Amino acid sequence: MSVLELNHVKKSFNNGKLQVLQDISLSVEKGEVVAIIGPSGSGKSTLLRCATLLERIDSGEVCFDGHYAARTGDDGTAVYADKAELKQIRNYFGLVFQQFNLFPHYSVLKNVMDAPICVQKRDRAEVEASARRTLEKMGLGDKADAYPCQLSGGQQQRVAIARALATNPKVLLCDEATSALDPKTTRQILELIQDINRKLGITVVVITHQMSVVEEICDSVAILDGGVVVEQGEVREIFANPKTAAARRLVAPNGGSAARDLSSF
């Protein structure tokens, strides 16, 4: 069952002069860990912003768990659901960013509690109890009253993940979530993401330029090039037998064991 579907999504800027997403279609199945990779300028960050409703698409469909956020109307342009429906759809996903994006003037606990209380209007006592349990699972039970500036980068990213999980999403979307971290901390965060996927059953979508991340935690991968999906399938199969020139440029010829960093492209 698909928890996220993007069908024939197109997105341009500068009044149509810059076509970033040409015709994107991909499906993310429940329980998967999916990577979206591609060289710089391939459209992966724009795709994430469109999928999470931070950017409006020109045309196509964005659907979470059978609920359509956007569809192509009779005039060929995207028509979005009403505000009430979009508010509900936003509850289906949580976002984790490269630079953490924590509120510096909020404590760790308040950062995690903010969205469930202010956006979802949930009971404060219930939210606080849930937030403290989540922080314990993140290894941050003793940091609830600390502020972001008092934490290491890895600890801040754990808070960001806890915040994303606080709204009980079905899909966790990670935008370069380990790019700003050292190798040891990166491994710890990847292990945490794997635990979230396996123990909580939350589907994970990872935007990354780190091929080692794809190899280590992802089940399937979609490769973007020039604003289109040129290949999509199981990581093992695509890394061992890339079928397109774009995929071969990104994947090491020995099947991917010599992982490459796409930030140089």
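Going by the structure above, here's the rest.
Report on the accompanying structure.

## Observations concerning the packing of helix α3 (residues 108-118) against helix α5 (residues 153-165)
- With their axes 8 Å apart at the nearest point, α3 and α5 run at an angle of 25° to one another. Accordingly, the angle class assigned to the pair α3 and α5 is roughly parallel. In this structure, the crossing between α3 and α5 has a hand that is right-handed. For the pair formed by α3 and α5, the contact residues are V108, N111 and V112 on the first element and V159, A162 and R163 on the second.
- Residues that form the contact of α3 with α5 fall into these classes: 4 nonpolar, 1 polar and 1 charged.

## What about the sheet that holds strand β5 (residues 67-72)?
- Spatially, the 5 strands line up as an open sheet ordered β2-β1-β4-β5-β6, and their pairing is antiparallel. Looking along the sheet, the strands with just one partner apiece sit at the ends: β2 (18-29) and β6 (78-80). Going from strand to strand, the sheet's axes swing by 15° on average, the running direction of each strand aside.
- Pairing between strand β1 (residues 2-13) and β2: 8 bridges, direction antiparallel. Note on β2: the bridge partner recorded for L6 is L26.
- Each of β1, β2 and β4 (59-64) is contacted by helix α1 (residues 44-51), which is oriented at about 65° to β2, the strand it contacts most.

## Looking at the packing of α3 against helix α4 (residues 124-137)
- It is at 9 Å that the axes of α3 and α4 come closest, and there the two elements cross at 130°. The orientation of α3 with respect to α4, classified from their angle, is oblique. The interaxial crossing formed by α3 with α4 has right-handed handedness. Residues V108, L109, V112, M113, P116 and I117 of α3 form the contact with α4, whose participating residues are R124, V127, E128, A131, R132 and L135.
- Looking at side-chain class alone, the contact of α3 with α4 contains 9 nonpolar, no polar and 3 charged residues.

Calculation rules
Residues numbered from 1 in each chain as written. Predicted model: local features only at pLDDT ≥ 70, side-chain atom pairs only at ≥ 80, totals over all residues. Heavy atoms only, no water. Axes fitted to C-alpha atoms, helices over the stretch in contact; angles between N-to-C directions. Helix = DSSP H or I, 4+ residues; strand = E, 2+ residues; numbered from the N terminus. Parallel < 35°, antiparallel > 145°, perpendicular 65-115°, else oblique. Left-handed = near helix turned anticlockwise from the far one by under 90°. Contact = heavy atoms within 4.5 Å. Nonpolar A, V, L, I, M, F, W, Y, C, P; charged D, E, K, R; others polar. Pairing = 2+ DSSP bridges.

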